[in-house]
Amino acid sequence: MAYYNNKREPVPEVETVVWSCTSESCAGWMRESFSFDEEPKCPLCKSEMVKETRTIAKIDK
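Below is a short write-up of the structure. (Residues numbered from 1 in each chain as written. Predicted model: local features only at pLDDT ≥ 70, side-chain atom pairs only at ≥ 80, totals over all residues. Heavy atoms only, no water.)

**Digging into the side chain of arginine 31**
Step number 1: In this fold, arginine 31 is placed in strand E2 (residues 29-31).
Step number 2: For the buried arginine 31, no salt bridge exists, and the shortest N-O distance to an oppositely charged side chain is 9.0 Å, to glutamate 13.
Step number 3: Within the structure, the side chain of arginine 31 is placed 2.7 Å from the backbone oxygen of alanine 57, a separation counted as a polar contact.
Step number 4: Apart from the residues within four sequence positions on either side, arginine 31 is in contact with Thr16, Val17, Val18, Ile56, Ala57 and Ile59. (Helix = DSSP H or I, 4+ residues; strand = E, 2+ residues; numbered from the N terminus. Buried < 20%, exposed > 50% of the residue type's maximum accessible area, 1.4 Å probe, protein only. Lys, Arg positive; Asp, Glu negative; His and termini not counted. Salt bridge = Lys/Arg side-chain N within 4 Å of Asp/Glu carboxyl O. Polar contact = N/O pair within 3.5 Å; in protein donor to acceptor, adjacent residues only side chain to side chain. Contact = heavy atoms within 4.5 Å.)

This is the structure in structure tokens:
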């Protein structure tokens, strides 16, 4: 693996539906496609989560 002048290709980003924690003291979130529950609880603080859209790196499953 060789890099010329440390230049790397940019990671493609897409709009993705995610679950975000409703607690103001918690920054937890997860991709909707990685959740097993219809309405998950935050894995970090156990608070409710709501759906929102974020532009994040694309992941191929």
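**Describing the pattern of salt bridges**
Step number 1: Considering all chains together, one arrives at 3 salt bridges under this definition.
Step number 2: Between glutamate 32 and lysine 51 there is a salt bridge, and its shortest N-O distance comes to 2.7 Å. One end of the pair, glutamate 32, is in the loop between E2 and strand E3 (49-57); the other, lysine 51, is in strand E3, and 19 residues separate them in sequence.
Step number 3: Glutamate 32 gets classed as partly exposed once you look at its relative accessible area, which sits at 30%.

**Quick look at the nonpolar core**
Step number 1: Counting residues in hydrophobic clusters, the biggest one holds 6 residues: Trp19, Cys21, Cys26, Met30, Cys42 and Met49.
Step number 2: If sequence neighbours within four positions are ignored, methionine 49 has contacts with Trp19, Ser20, Cys21, Thr22, Gly28, Trp29, Met30, Pro40, Lys41, Cys42 and Pro43. (Core = buried A, V, L, I, M, F, W, Y, C linked by side-chain atoms within 4.5 Å.)

**Structural notes on the sheet that holds E2**
Step number 1: Spatially, E2-E1-E3 is the arrangement adopted by the 3 strands of the open sheet, whose pairing is antiparallel. Each edge of the open sheet carries a strand with a single partner, namely E2 and E3. Across the sheet, the mean angle separating the axes of adjacent strands is 40° when strand polarity is ignored.
Step number 2: Sheet topology note: the strand E1 (residues 13-21)/E3 ladder contains 9 bridges and is antiparallel. Across the sheet, the residue bridging to valine 18 is glutamate 52, located in E3. (Pairing = 2+ DSSP bridges. Axes fitted to C-alpha atoms, helices over the stretch in contact; angles between N-to-C directions.)

**As for the environment of serine 47**
Step number 1: On the secondary structure map, serine 47 appears in the loop between E2 and E3.
Step number 2: For the pair formed by serine 47 and cysteine 21, sequence separation is 26 residues and the distance between their alpha carbons is 6.5 Å.
Step number 3: Beyond its immediate chain neighbours, meaning those up to four positions away, serine 47 contacts Cys21, Thr22, Ser23, Lys41 and Cys42.

Everything listed here is a matter of geometry and, on its own, says nothing about what the molecule does.
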